[in-house]
Amino acid sequence: MSEMPAEDGAVPEEVRGRLALALDLDDLVEAHRMAVQLRPWFGVAKVGLELFSADGPDAIGALRDLGYRVFLDLKLFDIPTTVNRSTTVLGSLGVEYLTLHALGGVDMLRAGVEGLHDGADRAGLDDPTALAVTVLTSDDGAPPHIVPNRVRLALEGGCGGLVLAAEDLQTARELAPRLTRVVPGIRLSGAPRHDQARAATPQEAVANGADLLVIGRAVTRAEDPAAAAAAVAAAI
Ligand code: C5P
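Residues numbered from 1 in each chain as written. Predicted model: local features only at pLDDT ≥ 70, side-chain atom pairs only at ≥ 80, totals over all residues. Heavy atoms only, no water.

> Go over the sheet that holds strand 3 (residues 69-76), please, and point to the residues and values.
Pairing in this closed barrel of 8 strands is parallel, and the strands run 1-2-3-4-5-6-7-8 around the ring. Neighbouring strand axes in the sheet, compared pairwise and without regard to direction, differ in orientation by 25 degrees on average. As paired elements, strand 1 (residues 19-22) and strand 8 (residues 212-215) share 3 bridges and run parallel to each other. By the bridge assignment for strand 8, Leu 19 is matched with Leu 213. (Pairing = 2+ DSSP bridges. Helix = DSSP H or I, 4+ residues; strand = E, 2+ residues; numbered from the N terminus. Axes fitted to C-alpha atoms, helices over the stretch in contact; angles between N-to-C directions.)

See below:
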């Protein structure tokens, strides 16, 4: 993996390593341009359904070449065999994080985790982390027992982390203290929330125990993305 030179030192690695840039774009050229511009503030690049649908594994390779750790956010949800076969392929691509939907249940999660580890192992890569998505941060109607149930499913399924809204962090800390906590729906104070019903500021998320913040439109749709990225980094 080649590192970007010079400007890489803009913020301490411990800050950058906690910020994941959501590249929700359908074009790798544009995503690459944004990834280069925002590399000083982000250590992780998140490839979602949009970019993976457009450019697949090429997007992962291109971001790894820029020195990013890659977070592949496909929220897999299918029968265990299909998920296992898919994660075996994805594990060999060099992703560091992969999301599976906890709604798929323990057998599906376990099958996905095993495939991910096998795929990475066969390719001689470090062990990636399977993240269980609890409830979408756009959903403010889930009954209160859902998050604790899904945290337990993630634990039983062998996942290494959870994706959850900032307000669910305490539940995760209590039930699964050793799992990595990843929080999307981050907005700077007073900024537009878009479709995120359960948003939080970077300060709130970190204070409540988030390990990794997913930052999308707060930076990518800002008038000045670099300035917005600097503001998020300064906030944590
Ligand atoms: O632009 P914004 O910061 O709202 O982007 C949030 C990102 O996090 C999107 O890529 C979305 O797919 C992802 N995400 C989410 N809620 C979850 C899991 C992932 O918003 N529960």
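> Explain the site of the ligand to me, and be specific about the residues and the numbers.
Lining the immediate surroundings of the ligand are 15 residues, of which Asp 24, Lys 46, Thr 137, Arg 187 and Arg 217 lie closest. One of the side-chain nitrogen or oxygen atoms of Lys 75 is found 3.5 Å away from an oxygen atom of the ligand. One nitrogen or oxygen atom from the side chain of Gln 196 is found 2.9 Å from an oxygen atom belonging to the ligand. Computed on the free molecule, the ligand has an accessible area of 470 Å², of which 88% lies beneath the protein chains in the complex. (Near = heavy atom within 4 Å. Polar contact = N/O pair within 3.5 Å; in protein donor to acceptor, adjacent residues only side chain to side chain. Areas by Shrake-Rupley, 256 points an atom, 1.4 Å probe, with all protein chains shown as cover.)

> Give a detailed account of the pairing of strand 7 (residues 180-183), specifying residues and quantitative values.
Bridging between strand 6 (residues 161-163) and strand 7 involves 3 bridges; their strand directions are parallel. Within strand 7, the position partnered with Val 163 by the bridge is Val 182. On the question of chirality, the crossover connecting strand 6 to the parallel strand 7 by way of helix 7 (residues 169-175) is right-handed. Bridge count for strand 7 against strand 8 is 2 bridges, and the pairing is parallel. Within strand 8, the residue paired with Val 182 across the bridge is Leu 212. (Right-handed = clockwise from strand over helix to strand, strands pointing away.)

> Can you lay out the packing of aromatic side chains for me, pointing to particular residues and giving the numbers?
One pass over the structure, following the stated rule, counts 1 aromatic pair. Geometrically, the ring pair formed by Phe 71 and Tyr 97 is tilted, given 5.7 Å between the ring centres and 55 degrees between the ring planes. Here the residue Phe 71 occupies a position in strand 3, and Tyr 97 occupies one in strand 4 (residues 97-101), the gap between them amounting to 26 residues. With respect to burial, Phe 71 and Tyr 97 carry one shared label: buried. One Lys or Arg, Arg 39, reaches over the ring of Tyr 68 and ends 4.8 Å from the middle of that ring. (Phe/Tyr/Trp six-rings, centres within 6.5 Å; stacked < 30°, edge-to-face > 60°. Buried < 20%, exposed > 50% of the residue type's maximum accessible area, 1.4 Å probe, protein only. Lys NZ or Arg CZ within 6 Å of the ring centre and 35° of its normal.)

> Break down a negative patch on the surface for me, citing the residues and quoting the values.
A contiguous patch of negative charge, built from Glu 114, Asp 118, Asp 121, Asp 126 and Asp 127, is present on the exposed surface. Relative to the helices and strands, Glu 114 resides in helix 5 (residues 106-122). Residue classification places Glu 114 among the partly exposed residues on the basis of a relative accessible area of 46%. (Patch = residues over 30% accessible without salt bridge, like charges linked within 9 Å, V, L, I, M, F, W, Y side chains within 5 Å. Salt bridge = Lys/Arg side-chain N within 4 Å of Asp/Glu carboxyl O. Lys, Arg positive; Asp, Glu negative; His and termini not counted. Charge placed at Lys NZ, Arg CZ, Asp CG, Glu CD.)

> Outline the packing of helix 2 (residues 28-38) against helix 3 (residues 49-65), supporting the account with residue identities and numerical values.
At a minimum axis separation of 10 Å, helix 2 and helix 3 run at an interaxial angle of 40 degrees. Compared by their axis directions, helix 2 and helix 3 come out oblique. Judged by the twist between their axes, the crossing of helix 2 over helix 3 is right-handed. Touching Leu 28, Ala 31, His 32 and Ala 35 of helix 2 are Leu 51, Asp 55, Asp 58, Ala 59, Ala 62 and Leu 63, all from helix 3. Taken together, the residues of the contact of helix 2 with helix 3 sort by class into 7 nonpolar, 1 polar and 2 charged. (Parallel < 35°, antiparallel > 145°, perpendicular 65-115°, else oblique. Left-handed = near helix turned anticlockwise from the far one by under 90°. Contact = heavy atoms within 4.5 Å. Nonpolar A, V, L, I, M, F, W, Y, C, P; charged D, E, K, R; others polar.)

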